[in-house]
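What follows is the residue order along each chain.
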Amino acid sequence: MTNDTADAPAARDAATAFHDLSDYMAIPRVTALRLAPGGSWLAASVQTLSADRKKYVTSIWRIDARGGQPRRLTRSADGEGGPRFLPDGSLLFTSKRPDPDAKAENGDAVAALWLLPPGGGEARVIWSPAGGVTEVETAAGRRRVVAVSPVLPDDERLRKERKDAGVTAILHETVPARYWDHDLGPTDLRMFALAAAADGAGDDEGGAYAARDLTPEAGRALFEPSFALSPDGTVAATTWWRWRDGVQTHKELVLVDLASGRQTALLTDPDLDFEDPAFAPDGRHLVCVRGTHPTPSEPHDFTLVLVPAGEPGAGAPGTGPEPARDLVPHLDRWPRDPVWDPSGRAVFFTADDAGRHPVFRVDLATSEVTRVTADHGYYSDVSPSPDGAALYALRAAVDAPPAPVRIDLATGQVVPLPCPGAQLGLPGRLTEITATADDGHPVRGWLVLPESASPRARAPLLLWVHGGPMMSWNSWSWRWNPWLMAAKGYAVLLPDPALSTGYGNGFIRRGYHQWGERPFRDVMAATDAAAGREDIDGSRTAMMGGSYGGYMANWIAGHTDRFRAIVSHAGLWALDQMFGTTDVPHLFHPQFGDPLTAPRMYEENSPHLHVAKVTTPMLVIHGNRDFRVPVSEAFRLWWDLIRHQVPAKFLYFPDENHWILTPGNATVWYETVFAFLGEHVLGEPWQRPSLL
């Protein structure tokens with residue numbers, strides 16, 4: 001079964017950027033997109049290598065909505081990001097670059113908020129809080145800005161006294177304590193309303209904006225916020241975390257009045273989360289994502305709800321003359337990132353769907369859902385044109401990096417817009433594969449084939465399991481890139497086993513209590529289907545995965561010896577240990593329970609209990625700054641493998657996190673994986689990477 005890409009190879013150069021890691025690391029990477037008022041151009045955040053090739057630097061580019069040549073707008077050694085627009089076309093962005101009008105001070109640079117006038121010229125700083133700026137939103141119809149910044153009590157004094165005393169300690173009195181790769185505290189995030197000296201006027205060439213703290217008692221409530229401003233700039237709608245008994249939490253949707261700071265809980269329920277709010281064009285309604293909490297018997301579920309943007313009273317959800325309404329009650333997919341049609345009669349959203357991530361449209365009057373994009377793309381950063389005739393978005397796919405496109409709503413045609421790094425020659429071709437699991441359920445995935453694969457030159461097979469686990473192989477990945485493996489001659493299987501999204505909640509339930517066994521059987525069925533192809537050499541197979549994919553690597557190692565090598569990156573090993581040391585134990589506790597009083601889920605799903613059966617050579621990889629899957633998992637796995645005499649290596653990154661992000665370390669990551677697989681799958685001599 002083939003997908004909507006050509007199964008036959010297109011004419012490409014013999015050598016591509018994927019044949020040389022140095023060339024690959026230098027490819028520009030588009031990370032965000034925002035449509036300017038009027039709809040004539042878009043601001044794109046683009047990452048490129050720094051001059052010393054030691055990091056990526058983000059700059060902002062002007063993308064012509066009509067397809068003209070792109071133009072770089074910002075340039076600095078520290079980079080810029082987070083583009084947002086004021087109604088007059090002024091561009092806001094955050095950057096750590098020095099303010100030429102400020103006195104130089106020693107210390108760590110933090111991101112300030114800059115403004116670039118609509119007619120061009122020099123950008124200037126409009127707000128530079130001591131803790132930096134983390135999030136920014138603007139109003140569509142009025143010169144209003146809301147920003148988020150980390151703040152200490154008695155901020156200016158306490159920052160100086162801690163610095164002078166050499167104190168970095170944090171006293172935690174509530175969760176969470178860490179997030180992904182950084183410590184939380186002693187600061188807390190707060191929301192600020194920013195105002196220019198001449199509100200409502202054009203750029204006044206003045207100095208900093210005035211900032212007013214809207215949430216002085218927020219505490220941890222604005223942890224990982226998602227928020228929006230009403231079109232008239234009078235109200236902000238934001239997620240608001242409520243923590244209870246140190247374990248349970250839920251996210252409210254709170255309205256914050258920008259004039260008074262008064263807060264009203266618009267949607268709140270201890271068993272639900274509300275996030276991704278978006279105001280209607282007239283400001284009278286809000287749409288947001290509503291999610292259920294996982295329980296011991298049921299996984300998450302998500303939908304879109306519509307609610308009046310007024311005050312429902314007493315914080316009760318959906319009270320008043322027009323209660324909250326489920327917009328997509330019959331959709332068995334997880335909607336995200338809603339945006340309004342300019343007419344106010346429909347909402348666009350995206351969702352995982354059978355290995356794709358299309359744009360959908362829901363009619364507010366009928367709740368009829370239609371699919372807007374028909375290809376195999378992954379769409380994000382969606383913005384409707386002011387006339388409602390088109391959508392602008394970033395489109396990615398397993399075989400295409402993120403790039404800006406225009407989607408004609410009348411015809412469905414997707415037109416690429418010129419942008420740095422958008423057009424890449426690939427060292428192979430993409431096809432789709434479907435297998436039947438042992439329970440009779442279909443399991444689909446993508447298969448990346450090198451150009452050389454044929455019945456006369458069968459390719460070795462690499463099974464690559466995605467993270468999550470509630471995710472899907474449906475987009476481009478710079479960190480987990482199968483085309484680098486294809487350039488080495490491997491066919492790469494990217495299956496979506498049980499627990500994957502885009503196939504309905506029933507597909508997730510298949511593996512909800514069997515994190516190991518059910519997905520294992522699914523990926524083995526997919527592996528058998530791929531290995532049976534005439535252009536695949538089923539006797540030369542390997543397996544790898546990161547995060548949950550690393551968990552699956554560890555599980556597979558203890559349940560089969562059919563693979564010649566296994567690579568486990570940031571993999572879960574001992575579940576009772578991992579779920580107590582991760583940065584988000586509250587996410588796993590509702591499903592797995594207490595390991596002391598209800599150990600069954602841990603005993604049935606923890607890979608470390610099967611270490612005695614592991615014989616396959618393993619490469620363990622982990623970053624020390626990984627707080628999601630703490631590095632203790634890797635050290636325990638490494639020790640368990642060594643003491644059981646399993647051939648193994650451990651690639652350790654002291655200053656990287658869950659992902660390996662810096663160009664040098666990412667290069668070494670791939671070099672080590674290439675060498676390890678080359679030794680065990682291709683029969684090549686082990687060659688230690690030169691920088692190791």
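From a predicted model like this one, the values you see are computed outputs, not experimental measurements. (Residues numbered from 1 in each chain as written. Predicted model: local features only at pLDDT ≥ 70, side-chain atom pairs only at ≥ 80, totals over all residues. Heavy atoms only, no water.)

S.K.: Break down the overall build of the protein for me, with residues and values.
M.R.: If you tally the helices and strands in the protein, you get eleven helices and 38 strands. Projected onto the principal axes, the alpha-carbon positions of the protein cover approximately 70 × 60 × 55 Å. Residues classed as buried in the protein amount to 57% of the 692 residues present. Of all intrachain contacts in the protein linking residues separated by at least 6 positions in sequence, the fraction that spans at least 24 positions is 57%. Working note: accessible area of the protein is about 28,400 Å², and carbon and sulfur atoms make up 51% of it. Each charge class in the protein can be summarised by its mean position, and for the 65 positive and 85 negative side chains these summaries are 3 Å apart. (Helix = DSSP H or I, 4+ residues; strand = E, 2+ residues; numbered from the N terminus. Buried < 20%, exposed > 50% of the residue type's maximum accessible area, 1.4 Å probe, protein only. Contact = heavy atoms within 4.5 Å. Areas by Shrake-Rupley, 256 points an atom, 1.4 Å probe, with all protein chains shown as cover. Lys, Arg positive; Asp, Glu negative; His and termini not counted. Charge placed at Lys NZ, Arg CZ, Asp CG, Glu CD.)

S.K.: Give a description of the pairing of strand 32 (residues 442–450) that names residues and reports values.
M.R.: Burial of strand 32 is extensive: eight of the nine residues sit out of reach of the surface. Where strand 31 (residues 428–436) meets strand 32, nine bridges bridge the pair, whose relative direction is antiparallel. Residue pairing for strand 32: Arg429 is matched across the bridge by Leu449. In textbook terms, the turn of a hairpin is the stretch between consecutive antiparallel strands, and for strand 31 and strand 32 this stretch comprises five residues, one of which, Gly440, has a positive phi near 90°. In this structure, strand 32 lies alongside strand 34 (residues 491–495), joined through four bridges in antiparallel fashion. (Pairing = 2+ DSSP bridges.)

S.K.: Would you mind going over the environment of Arg533 in detail, with residue names and values included?
M.R.: With respect to the helices and strands, the residue Arg533 is situated in the loop between helix 5 (517–531) and strand 35 (536–546). Residue classification places Arg533 among the partly exposed residues on the basis of a relative accessible area of 26%. Distance from Arg533 to Ser454, taken between C-alpha atoms, is 9.5 Å for residues 79 residues apart in sequence. For Arg533, the contacting residues outside a window of four places in its chain are Thr431, Leu447 and Leu449.

S.K.: Can you tell me about the pairing of strand 1 (residues 29–35), naming the residues and giving the values?
M.R.: Across six bridges, the pairing between strand 1 and strand 2 (residues 41–49) is antiparallel. Along strand 2, the bridge assignment pairs Leu35 with Leu42. Hairpin connection, strand 1 to strand 2: the antiparallel pair is bridged by five residues, and Gly38 has positive phi, about 95°.

S.K.: Requested: an account of the sheet that holds strand 10 (residues 145–151), with residues and values cited.
M.R.: On the basis of which strands lie adjacent, the open sheet formed by four strands has the order 9-10-13-14 and antiparallel pairing. Each edge of the sheet is formed by a strand with only one pairing partner; in this case those strands are strand 9 (135–138) and strand 14 (210–213). Each adjacent strand pair in this sheet contributes to an overall mean axis angle of 30°, direction not counted. (Axes fitted to C-alpha atoms, helices over the stretch in contact; angles between N-to-C directions.)

S.K.: Which residues make up the sheet that holds strand 6 (residues 91–95), and what are the values?
M.R.: The strands making up a sheet associate through hydrogen bonds between their backbones, and the pairing can be parallel or antiparallel. Strands sit in the order 5-6-7-8 across an open sheet of four strands; the sheet is antiparallel. One side of each edge strand has no neighbouring strand; the edge strands of this open sheet are strand 5 (80–85) and strand 8 (124–127). Strand-to-strand twist in this sheet, taken as the mean axis angle between neighbours without regard to direction, amounts to 35°. The pairing of strand 5 with strand 6 spans four bridges and is antiparallel. Counted as the bridge partner of Arg84 is Leu92 from strand 6.

S.K.: Quick rundown of the packing of aromatic side chains? Include the residues and the values.
M.R.: As enumerated under the stated definition, the model contains 36 aromatic pairs in all. Judged by centre distance (5.7 Å) and plane angle (80°), the rings of Trp515 and Tyr551 are edge-to-face. Linking Trp515 in the loop between helix 4 (505–509) and helix 5 with Tyr551 in helix 6 (residues 548–557), this pair joins segments that are 36 residues apart in sequence. Judged by relative accessible area, Tyr551 falls into the buried class, the value being 0%. Seen in terms of ring centroids, Trp515 and Phe579 are 6.2 Å apart; in terms of plane orientation they differ by 85°. Their pairing is edge-to-face. Linking Trp515 in the loop between helix 4 and helix 5 with Phe579 in helix 7 (residues 575–581), this pair joins segments that are 64 residues apart in sequence. The ring centre of Trp480 lies 4.9 Å from the NZ or CZ of Arg479, which sits over that ring. (Phe/Tyr/Trp six-rings, centres within 6.5 Å; stacked < 30°, edge-to-face > 60°. Lys NZ or Arg CZ within 6 Å of the ring centre and 35° of its normal.)

S.K.: Can you explain the pattern of salt bridges? Please cite residues and give values.
M.R.: Counted under the stated rule, the structure contains 36 salt bridges. Across the salt bridge formed by Arg97 and Glu80, the nearest N and O atoms sit 2.9 Å from each other. Of this pair, Arg97 sits in the loop between strand 6 and strand 7 (112–116) while Glu80 sits in strand 5, and the two are 17 residues apart along the sequence. Note on accessibility: Arg97 and Glu80 belong to one class, buried. (Salt bridge = Lys/Arg side-chain N within 4 Å of Asp/Glu carboxyl O.)

S.K.: Outline the environment of Ala648, listing residues and values.
M.R.: The topology assignment puts Ala648 in strand 38 (residues 648–653). Taking the C-alpha atoms as reference points, Ala648 and Thr615, 33 residues apart in sequence, are found 9.9 Å from one another. Discounting chain neighbours no more than four positions away, the residues touching Ala648 are Met618, Trp638 and Leu641.

S.K.: Give a description of unusual backbone geometry that names residues and reports values.
M.R.: Here the bond from Gly185 into Pro186 is cis, since omega is 0°, no more than 30 degrees from zero. Examined against the element boundaries, Pro186 turns out to sit in the loop between strand 12 (182–183) and strand 13 (188–195). A cis amide bond links Gly468 with the next residue in sequence, Pro469, at an omega value of 5°. By the secondary structure assignment, Pro469 is in the loop between strand 33 (459–465) and helix 3 (482–487). Look at Asp337: it is not a glycine, yet its phi comes out positive at around 50°. Within the secondary structure, Asp337 sits in strand 23 (residues 336–340). A residue is classified by how much of its surface remains accessible, and Asp337, at 37% relative accessible area, is partly exposed.

S.K.: Break down the nonpolar core for me, with residues and values.
M.R.: In this structure, Trp515, Met543, Met552, Ile556 and Phe579 are the most contacted members of the largest nonpolar core, which totals 68 residues. Discounting chain neighbours no more than four positions away, the residues touching Met543 are Leu462, Leu463, Val465, Gly549, Met552, Ala553, Ile556, Phe563, Ala565, Ile566 and Val567. If you look at the next biggest cluster of nonpolar residues, it comprises 45 residues, including Trp473, Trp483, Tyr490 and Val567. (Core = buried A, V, L, I, M, F, W, Y, C linked by side-chain atoms within 4.5 Å.)

S.K.: Tell me what's going on with the side chain of Thr94, and back it up with residues and numbers.
M.R.: For Thr94, the location among the structural elements is in strand 6. With a relative accessible area of 18%, Thr94 lands in the buried category. The residues touching Thr94, leaving out its near neighbours within four places in the chain, are Gly79, Glu80, Gly81, Gly82, Ala111, Ala112, Leu113, Val133 and Val136.

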